[in-house]
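# Remarks on the overall topology
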Amino acid sequence: NAGVTQTPKFRILKIGQSMTLQCTQDMNHNYMYWYRQDPGMGLKLIYYSVGAGITDKGEVPNGYNVSRSTTEDFPLRLELAAPSQTSVYFCASVGNGYTFGSGTRLTVV
Amino acid sequence: DQQVKQNSPSLSVQEGRISILNCDYTNSMFDYFLWYKKYPAEGPTFLISISSIKDKNEDGRFTVFLNKSAKHLSLHIVPSQPGDSAVYFCAASAGGTGNQFYFGTGTSLTVIP
């Protein structure tokens, strides 16, 4: 009964490094989302997926990539980290309800 | 281009009183609305939803009201409790739960014991 699991919880990256934020859900939801939340702002949609093999851009996709090879997993990839990507990242999935993970706090220095 | 706006960044209410959090939207195509609360260092937690076919939805101490003509929704918490202290976000989408949601910037509620 884990819901949506995100790893890692915290990460510090140097400019130009790459990393993958992991997101896994065990509710068999088709819809999954990646959001970022900057201080004092609402959530902004980065990418979303309506099912395995299908992804699409949200409001702020630049600098990110995603894949959805299985229903359970929806990783978010940062290829060349920039200070503007310092944020808290939330993964979510939607079935009957809308469930968020606990977030990944990323700092790019 | 903020399509969902929460114009009050913060709100303080005495324990036991009513908390009213407001949200305005600009896109007339929005037909499904959500309220979330968020504690520090945690992910958002779903509270209550409403679709545009209704103007009110209740769940325990939480009631959401929707005024489509004014493009306005509000969340009422009665009675307010100290554990309700959190940041509350409203969100809206066009086309139900599976479509992209647009979030407001949040209102930080403090319930004073």
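A brief structural summary.

Parameters and conventions
Residues numbered from 1 in each chain as written. Chains lettered and ligands numbered in written order. Predicted model: local features only at pLDDT ≥ 70, side-chain atom pairs only at ≥ 80, totals over all residues. Heavy atoms only, no water. Helix = DSSP H or I, 4+ residues; strand = E, 2+ residues; numbered from the N terminus. Buried < 20%, exposed > 50% of the residue type's maximum accessible area, 1.4 Å probe, protein only. Contact = heavy atoms within 4.5 Å. Buried area = accessible area lost by both parts, 1.4 Å probe. Polar contact = N/O pair within 3.5 Å; in protein donor to acceptor, adjacent residues only side chain to side chain. Nonpolar A, V, L, I, M, F, W, Y, C, P; charged D, E, K, R; others polar. Salt bridge = Lys/Arg side-chain N within 4 Å of Asp/Glu carboxyl O. Disulfide = S-S within 2.5 Å.

## Here we look at the environment of A:Gly95
Within the secondary structure layout, A:Gly95 lies in the loop between β9 (87-94) and β10 (98-100). A:Gly95 gets classed as partly exposed once you look at its relative accessible area, which sits at 29%.

## What to know about the interface of chain B and chain A
Between chain B and chain A, the contact holds 19 residues from the first and 19 residues from the second. Taking both partners together, chain B and chain A bury about 1,400 Å²; carbon and sulfur atoms supply 59% of that area. Linking chain B with chain A are zero residue pairs in polar contact (both at pLDDT 80 or more), by the criterion used here. Elements represented by at least two residues in the side of chain B that touches chain A include exactly β4 (32-38) and β10 (101-103) of chain B. Classifying every residue of the side of chain B that touches chain A gives nine nonpolar, eight polar and two charged.

## A closer look at the pattern of salt bridges
In the structure shown here, the tally under the stated rule is five salt bridges over all chains. Residue A:Arg77 is joined to A:Glu79 by a salt bridge in which the shortest nitrogen-to-oxygen separation is 3.2 Å. With relative accessibility at 29%, the residue A:Arg77 sits in the partly exposed group. For B:Lys56, the salt bridge is made with B:Glu58, and the minimal N-O distance between the two is 3.6 Å. Judged by relative accessible area, which is 41%, B:Lys56 ranks as partly exposed. Residue B:Glu58 is classed as exposed on the basis of its relative accessible area of 53%.

## Let's talk about the state of the cysteines
In total, this model carries two disulfides over all chains according to the counting rule given. Between the sulfur atoms of A:Cys23 and its disulfide mate A:Cys91 the distance is 1.8 Å. Classification of the bridge connecting A:Cys23 and A:Cys91 rests on its S-S torsion, roughly -70°, and on that basis the disulfide is left-handed. One end of the pair, A:Cys23, is in strand β3 (residues 19-25); the other, A:Cys91, is in strand β9, and 68 residues separate them in sequence. We note that A:Cys23, like A:Cys91, is buried. Two residues, B:Cys23 and B:Cys90, share a disulfide whose sulfurs are 1.8 Å apart. Taking the sign of the torsion about the S-S bond as the criterion, the disulfide between B:Cys23 and B:Cys90, at about 70°, is right-handed. Remark: B:Cys90 occurs in strand β9 (residues 86-93) and B:Cys23 occurs in strand β3 (residues 19-25); sequence separation between them is 67 residues.

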